[in-house]
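The residues making up each chain are set out below.
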Amino acid sequence: MNRAEMLARQRKAKRLLSLLLFVAATLFSVWFIEFDIMEFLSGIPLFLNFLFVDFMPPNLDDLSKYLQPVLDTLAFGVVATVLSSVIALIIAFLMAHNTSPHPVVRVVLRSIISFIRNVPFLVWAAILVVLFGVGTMPGIFALILLGIGFLSRLYAESIEEIDKHAVEAVEATGATYLQKLRQAIIPQFMPGYISWTLFMFEITIRASAILGIVGAGGIGSQIKLTMDLFQYSSTATVVVIMIIMILVVEYVTQRIRERLL
Amino acid sequence: MKIPISHKATKRNQRLFFLVMIVLFVPCLFYLNLSATQFAEGIARIPDIAKQFLQISLDDLPKLLTELLTSVIIAFLSVVISVIVALLLSFVIADTTAPNRHVAKVLRVIVVVIRTIPTTIWVLLAVASMGFGSMAGVLGLLFPTTSFLIKSFTAQIDEAGKDSVEAIRALGGTWWHVVCNGAIPTLYTTFLALIAFNFEMTVAETVILGMVGAGGIGVLLQEYISYYEFAPLLMGILVVFITLFLLEMMTNQIRKRLNSQAR
């Protein structure tokens, strides 16, 4: 047997082994969570039936009732995006490789941000509801935490991607730290900043739809409320409103991006 | 004399952006009418709750880990099913391989609508239809994961698969030849990377989804929060944090490998 044949055989064996592992993992999963395939398959038509029969047609009688939650959600988005972008901007400058004043600051901030980001958003929201009570305040703070976790990292990444030569040139003229930021880094970082901030606004709109589920305000609370009361046709209306809102916001931010960048 | 070197129009537009940001921010802040006393009361409660948090206990760790495994399994199963569905559908949707343009267009619109609805809402709907439990979680996750995979698969097929597809077409190959011999072998590794990436996103989502009744570790977290049991809650948060942190590191590795492959 020559070498090429052996290699081919090895590769085949490897492929077979990974396939077997995959099948074993699937079987274990099915067994572990008592996943009943027949019940699942029969559940899919039931689910579609539920969506298209119980939810249709959307109840359009009291559309004006939903104006308030929509405005709430938009206001949530604006306030949370602006506040978190300001905080994240400061953190990002302290956290990025090329602008961090001290390595210790960088490592500490990086771990804090990574903690904020990796604890699920809904958990933060639920804890904040315990702290501040039901209402808009925990929702805003949860969104701000989400924004800080998300934006600091992305801002820092864009700052790190900046062209080094401009920074070196400014440094060579004897510029101070702040002058360096102002003249070399901020102008290059601006497009990234605007683009990510707009993206953050889109995310807050989606997220505030979810916030209502833990009692933190926004349009999500209407979804939860109508579903708890089994008024599925009203739920359909809220979901449609939400889809339209998300699409409009995405369209508007896309237009702004095209104009600015 | 000072010579301005920045681009004037860009600068003006950027100034306008910040101006709009401030102009929108101030009325929104007043509209939300945040109460200072509520804020102060919440802040005053922090030390008390922090004290309860810090009485960390290991009692619930085995329970937490089993539920974490359930969460991961829910994500795994929904990704497995989604991959099968997405593979079938994305070749029907992608421009280069679509057998019928009109069908492709309709499917594309459906995928966009599915993607717009947040995952949490899907799971909420699935729980309402199927009852609490892991199966509802798998069903609810199926829609967003499938639509995500379809979107990224079709983008890859349109981008990378074009040459081999054209070559096989020129030889008179059928649609099956195009898909099985042309597109799949060239895109094999990219698809695997995308699936891994999607799996990690889905795990992060399943952790949350338990909180709306879809099984997994989120159910426990929701229980702890509603019964004010902060000591095990901190343990749960740490378990979740460590898992997601490791996953994030893995995702970064995959992204790096993808990037180096693309170059």
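Cut-offs and rules
Residues numbered from 1 in each chain as written. Chains lettered and ligands numbered in written order. Predicted model: local features only at pLDDT ≥ 70, side-chain atom pairs only at ≥ 80, totals over all residues. Heavy atoms only, no water. UniProt positions renumbered as here; feature names shortened; annotations may be inferred. Helix = DSSP H or I, 4+ residues; strand = E, 2+ residues; numbered from the N terminus. Rg over C-alpha atoms; globule rule 2.2 N^0.38 Å. Buried < 20%, exposed > 50% of the residue type's maximum accessible area, 1.4 Å probe, protein only. Contact = heavy atoms within 4.5 Å. Areas by Shrake-Rupley, 256 points an atom, 1.4 Å probe, with all protein chains shown as cover. Lys, Arg positive; Asp, Glu negative; His and termini not counted. Charge placed at Lys NZ, Arg CZ, Asp CG, Glu CD. Buried area = accessible area lost by both parts, 1.4 Å probe. Salt bridge = Lys/Arg side-chain N within 4 Å of Asp/Glu carboxyl O. Polar contact = N/O pair within 3.5 Å; in protein donor to acceptor, adjacent residues only side chain to side chain. Nonpolar A, V, L, I, M, F, W, Y, C, P; charged D, E, K, R; others polar. Domains from an automatic or database assignment.

- An unreviewed UniProt entry lists chain B under the name ABC transporter permease subunit, from Cohnella thailandensis.
- Its UniProt record gives chain B a comment under Subcellular location (unreviewed entry), which states: "Cell membrane".
- Database annotation for chain B, UniProt heading Sequence similarities (unreviewed entry): "Belongs to the binding-protein-dependent transport system permease family."

- Per an unreviewed UniProt entry, the recorded name for chain A is Phosphonate ABC transporter, permease protein PhnE, and the organism is Cohnella thailandensis.
- Taken from UniProt, the Subcellular location (unreviewed entry) comment for chain A reads in full: "Cell membrane".

**As for the overall build of chain B**
- When helices and strands are counted, chain B shows 10 helices and 0 strands.
- Its helices and strands taken in sequence order, chain B reads α-α-α-α-α-α-α-α-α-α from the N to the C terminus.
- Whereas a compact globule of 263 residues would reach a radius of gyration of roughly 18 Å, chain B reaches 24 Å, over 25% beyond that.
- In terms of its C-alpha atoms, chain B occupies a principal-axis envelope of roughly 75 × 70 × 35 Å.
- Within chain B, buried positions represent 46% of all 263 residues.
- Residue pairs at least 24 apart in sequence account for 76% of intrachain contacts in chain B once pairs closer than 6 positions are excluded.
- Surface accessibility of chain B: about 14100 Å² in total, with carbon and sulfur atoms responsible for 68%.
- Put simply, chain B has 19 plus and 15 minus side-chain charges, and the middle of one group is 18 Å from the middle of the other.

**So, the UniProt feature "transmembrane region" (unreviewed entry) in chain A**
All names here are of chain A.
- With numbering matched to this structure, UniProt assigns "transmembrane region" (unreviewed entry) to residues 74-95, 107-132, 138-156, 203-223 and 229-252.
- Helix makes up 100% of residues 74-95 and strand 0%, and the two end C-alpha atoms of the span are 30 Å apart.
- Within residues 203-223, the helical portion is 62% and the strand portion 0%, while the C-alpha atoms at the span's ends are 18 Å from each other.

**Considering the UniProt feature "transmembrane region" (unreviewed entry) in chain B**
All names here are of chain B.
- Mapped onto the present numbering, the UniProt feature "transmembrane region" (unreviewed entry) falls at residues 16-34, 68-94, 106-132, 175-196, 203-221 and 227-247.
- Helix makes up 96% of residues 68-94 and strand makes up 0%, while its end C-alpha atoms are separated by 36 Å.
- Counted over residues 227-247, helix gives 86% and strand 0%. Its end C-alpha atoms are 30 Å apart.

**Some points on the interface of chain A and chain B**
- Contact residues are listed per partner, giving 70 residues for chain A and 68 residues for chain B.
- The junction of chain A with chain B conceals about 6200 Å² of combined surface from both sides, 82% of it contributed by carbon and sulfur atoms.
- Ranking the residues of chain A by area buried against chain B places Phe 47, Asn 118 and Leu 131 of chain A at the top, with a combined share of 11%.
- Between the two partners, chain A and chain B, sit 0 salt bridges.
- Inspection of the chain A/chain B interface yields 1 residue pair in polar contact (both at pLDDT 80 or more).
- Here the side of chain A that touches chain B takes 10 residues from helix α3 (residues 67-95) of chain A, the largest share from any one element.
- Tallied by class, the residues present in the side of chain A that touches chain B amount to 54 nonpolar, 9 polar and 7 charged.

**Overview of the domain arrangement of chain A**
- When the domains of chain A are assigned, the result is domain 1 (3-54) and domain 2 (63-260).
- Using C-alpha coordinates to define each centre, domain 1 of chain A is positioned 37 Å away from domain 2 of chain A.

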